[in-house]
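Residue strings, one per chain:
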Amino acid sequence: MEKLYIVANFKSNMTNNEAKNWLDVFISHKQELKNMGDKEVILAPTFTFLLSFNSVFSGTNIKLSAQNLSPFDEGAFTGEVNGKQIKDFADYVIIGHSERRNNFGETDEMLTKKVNLALKYGLTPIFCVQGKDTNIPQGVNVVAYEPVFAIGTGTPDTPENADKVCEDIIANHDNLSVLYGGSVTSDNVANFTKSDKIKGVLVGGASLDPMEFLNIIKNA
Ligand code: 13P
């Protein structure tokens, strides 16, 4: 069965207490979360919460993702978290988000290194592209189309345009699932996921409210 990916990217948000409260609400709906059919729900909290989220969700159908990984392997790279370390807690890793390209100067070359290290340690990259012309490294099977104008603005891309861009991306690559991200909410998610070109959503701001995220899962 083909998966429909529903990914929560918390970005650099939440204190420990806020994350605990989020989990309490989310887990109180575990019965609904057990029967999600083809929906692959993935939570990408900050690194500091991966351990606690892993202990809550290990053995369940909820998957975890890191938001980033080091472009280096293990070793003397102060401040970095590498793919081998992440694999202890997560199955996925977001790579190439426009916020990292724009604020941290991440280049195509660096992103290719990150993809290679993710694959080396058995992590599935969720590779973010800003349009059909963004370079996609070899070995990537899950891509998120996230137009910069739609991120955090409350103005998503039109479903028609998202559909067209996703179609163009798929046309140039084999075995690619393309997700849409940018101002996705429980009200608009179905406009995107009803397209057979769009295999899921990457949700930022709206995922910080656990009830809203649960509704996104439900309505997708
Ligand atoms: P928003 O849902 O807040 O627009 O963020 C989208 C995003 O960047 C997810 O990675």
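Everything in this summary refers to the structure shown in the same document.

Conventions adopted
- Residues numbered from 1 in each chain as written.
- Predicted model: local features only at pLDDT ≥ 70, side-chain atom pairs only at ≥ 80, totals over all residues.
- Heavy atoms only, no water.
- Helix = DSSP H or I, 4+ residues; strand = E, 2+ residues; numbered from the N terminus.
- Rg over C-alpha atoms; globule rule 2.2 N^0.38 Å.
- Buried < 20%, exposed > 50% of the residue type's maximum accessible area, 1.4 Å probe, protein only.
- Contact = heavy atoms within 4.5 Å.
- Areas by Shrake-Rupley, 256 points an atom, 1.4 Å probe, with all protein chains shown as cover.
- Lys, Arg positive; Asp, Glu negative; His and termini not counted.
- Charge placed at Lys NZ, Arg CZ, Asp CG, Glu CD.
- Near = heavy atom within 4 Å.
- Polar contact = N/O pair within 3.5 Å; in protein donor to acceptor, adjacent residues only side chain to side chain.
- Nonpolar A, V, L, I, M, F, W, Y, C, P; charged D, E, K, R; others polar.
- Salt bridge = Lys/Arg side-chain N within 4 Å of Asp/Glu carboxyl O.
- Pairing = 2+ DSSP bridges.
- Axes fitted to C-alpha atoms, helices over the stretch in contact; angles between N-to-C directions.
- Parallel < 35°, antiparallel > 145°, perpendicular 65-115°, else oblique.
- Left-handed = near helix turned anticlockwise from the far one by under 90°.
- Expected span 1.5 Å × (residues − 1).
- Arc of directions from axis to C-beta.

### Brief notes about the overall build of the protein
Consideration 1: A count of helices and strands for the protein gives 9 helices and 8 strands.
Consideration 2: Relative to the 2.2 N^0.38 estimate, which gives 17 Å for 220 residues, the radius of gyration of the protein is 16 Å and therefore close to what a compact globule would have.
Consideration 3: With the C-alpha coordinates aligned to their principal axes, the bounding extent of the protein is approximately 45 × 40 × 35 Å.
Consideration 4: Buried residues in the protein amount to 51% of all 220 residues.
Consideration 5: Taking the intrachain contacts of the protein between residues at least 6 apart in sequence as the baseline, contacts between residues at least 24 apart amount to 66%.
Consideration 6: A total of about 10400 Å² of accessible surface is found on the protein, and carbon and sulfur atoms cover 49% of it.
Consideration 7: Here the protein holds 20 positive side-chain charges and 27 negative ones, and the gap between their average locations is 4 Å.

### Remarks on the site of the ligand
Consideration 1: The environment of the ligand is made up of 13 residues, and the closest members are K11, H97, G152, S183 and G205.
Consideration 2: A distance of 2.7 Å is found between an oxygen atom of the ligand and a side-chain nitrogen or oxygen belonging to H97.
Consideration 3: Taking G205, its main chain carries an N or O atom lying 2.8 Å from an oxygen atom of the ligand.
Consideration 4: In isolation the ligand offers 310 Å² of accessible surface; the protein chains occlude 95% of this area.
Consideration 5: Class assignment of the residues belonging to the shell around the ligand gives a composition of 4 nonpolar, 7 polar and 2 charged.

### With respect to the pattern of salt bridges
Consideration 1: Summed over the entire model, instances satisfying the criterion amount to 13 salt bridges.
Consideration 2: When the shortest N-O distance is used, the salt bridge between K199 and E2 registers 3.3 Å. Taken together, the residues K199 in the loop between helix 8 (189–193) and strand 8 (200–203) and E2 in the segment before strand 1 (4–9) connect sequence positions 197 residues apart.
Consideration 3: When its relative accessible area of 53% is taken as the criterion, E2 is described as exposed.
Consideration 4: Of the charged contacts in the structure, one is a salt bridge between D133 and K132, with a shortest N-O distance of 3.6 Å.
Consideration 5: In this structure, a network of salt bridges that share partners links the residues K3, E40 and K63.

### Observations regarding the sheet that holds strand 8
Consideration 1: Taken in spatial order, the 8 strands close into a barrel running 1-2-3-4-5-6-7-8, and their pairing is parallel. Sheet twist, expressed as the average angle between the axes of neighbouring strands with direction ignored, equals 25°.
Consideration 2: Of the strands in this sheet, strand 2 (39–44) and strand 3 (63–66) touch helix 3 (residues 47–57), which is tilted by about 170° from strand 3.

### Regarding the packing of helix 1 (residues 16–27) against helix 9 (residues 210–219)
Consideration 1: It is the contact of helix 1 with helix 9, at a shortest axis distance of 9 Å, that shows an interaxial angle of 40°. With respect to each other, helix 1 and helix 9 are oriented oblique. As helix 1 packs across helix 9, the resulting crossing turns out to be right-handed. Along the contact surface, helix 1 presents W22, V25 and F26, while helix 9 presents P210, M211, F213, L214 and I217.
Consideration 2: Looking at the contact of helix 1 with helix 9 residue by residue, the class counts come to 8 nonpolar, no polar and no charged.

### Things to note about helix 7 (residues 159–171)
In an α-helix there are 3.6 residues to a turn, and that puts residues three or four apart on one side.
Consideration 1: Its 13 residues give helix 7 an end-to-end C-alpha distance of 18 Å, which sits within 8% of 18 Å, the value for a rise of 1.5 Å per residue.
Consideration 2: Every buried residue of helix 7 is accounted for by A162, V165, C166, D168 and I169. One face of helix 7 carries all of its buried residues, which in axial projection span an arc of 160°. Facing away from the buried side of helix 7 by over 90 degrees, the exposed positions are E160 and A171.
Consideration 3: Taken together, the buried residues of helix 7 touch strand 5 (124–129), strand 6 (142–145), strand 7 (177–181) and helix 8.

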